[in-house]
Amino acid sequence: QVQLVESGGGLVQAGGSLRLSCAASGRTFSSYGMGWFRQAPGKEREFVGSITSSGGMTYYTDSVKGRFTISRDNAKNTVYLQMNSLKPEDTAVYYCAARYTGYYSRSYYGRPLDYAYWGQGTQVTVSS
């Protein structure tokens, strides 16, 4: 069982930056691939990016490439989403999610159903 708690959301002007954190419980965090998703009002939950369990590989959806960066600190059981050059269309509730993969996985998981564990979400609002 993994419990996830996101933090760091808020209101920011277009062009600004935010860093989201996702703290995980448990002693085997380094065996979990982590994903970030977002959901805007009236829209489906969409993949933002993911990072493999070792942190060796990251994947991003096209709309955030070059602006968002995912990293993780396995010693702190935490994954981060650094968001730069934010746009109003980035406004959404952001969720982190976890999937057990083992430490050496390099696989890409981009669908919500790929993940078994979810945080409660944190609101990000970008004003124009």
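Note that the structure is a prediction, hence the values are computed from the model and not measured. (Residues numbered from 1 in each chain as written. Predicted model: local features only at pLDDT ≥ 70, side-chain atom pairs only at ≥ 80, totals over all residues. Heavy atoms only, no water.)

Give me the packing of aromatic side chains: which residues, what numbers.
Counted according to the given criterion, the structure contains ten aromatic pairs. Judged by centre distance (5.4 Å) and plane angle (80°), the rings of tyrosine 32 and tyrosine 100 are edge-to-face. In this pair, tyrosine 32 sits in strand β4 (residues 32–39) while tyrosine 100 sits in strand β9 (residues 92–100), placing the two residues 68 residues apart along the sequence. We classify tyrosine 32 as buried; its relative accessible area is 9%. (Phe/Tyr/Trp six-rings, centres within 6.5 Å; stacked < 30°, edge-to-face > 60°. Helix = DSSP H or I, 4+ residues; strand = E, 2+ residues; numbered from the N terminus. Buried < 20%, exposed > 50% of the residue type's maximum accessible area, 1.4 Å probe, protein only.)

So what's going on with empty space enclosed by the protein? Which residues, and what values?
Within this structure, the stated rule accounts for one cavity of 30 Å³ or more. Of the voids in this model, the largest cavity is the one considered here, and its volume is about 60 Å³. Lining the largest cavity are Gly33, Met34, Ser50, Ile51, Thr52, Ser53, Tyr59, Thr101, Ser105, Ser107, Tyr109 and Tyr115. The set of elements that each furnish at least two residues to the lining of the largest cavity consists of β4 and β5 (46–51). Here the lining of the largest cavity is built from residues that sort into five nonpolar, seven polar and no charged. (1 Å grid on protein atoms, 1.4 Å probe; cavity = no way out; pocket = protein on both sides within 12 Å on 5 of 7 lines; lining within 4 Å. Points joined across faces, edges and corners; volume = space filled by probe spheres on them. Nonpolar A, V, L, I, M, F, W, Y, C, P; charged D, E, K, R; others polar.)

Kindly report on the pattern of salt bridges, identifying the contributing residues and their values.
By the definition in use, this model includes five salt bridges. Residue arginine 67 pairs with aspartate 90 through a salt bridge whose shortest N-O separation is 2.8 Å. Taken as a pair, arginine 67 in the loop between β6 (58–60) and β7 (68–73) and aspartate 90 in the loop between β8 (78–83) and β9 lie far apart in primary sequence, 23 residues in all. Residue classification places aspartate 90 among the buried positions, given a relative accessible area of 1%. Of the charged contacts in the structure, one is a salt bridge between arginine 111 and aspartate 114, with a shortest N-O distance of 2.8 Å. Each of Arg38, Glu46, Arg67 and Asp90 takes part in salt bridges that share partners, so that together they form one network. (Salt bridge = Lys/Arg side-chain N within 4 Å of Asp/Glu carboxyl O.)

Break down the environment of tyrosine 59 for me, with residues and values.
Position of tyrosine 59 among the secondary structure elements: in strand β6. C-alpha of tyrosine 59 to C-alpha of leucine 4: the two residues are 55 residues apart in sequence and 20 Å apart in space. Not counting residues up to four positions away in its chain, the partners in contact with tyrosine 59 are Phe47, Val48, Gly49, Ser50, Thr52, Ile70, Arg106, Ser107 and Tyr108. A polar contact of 2.6 Å, which involves the side chain of tyrosine 59, links it to the backbone oxygen of arginine 106. (Contact = heavy atoms within 4.5 Å. Polar contact = N/O pair within 3.5 Å; in protein donor to acceptor, adjacent residues only side chain to side chain.)

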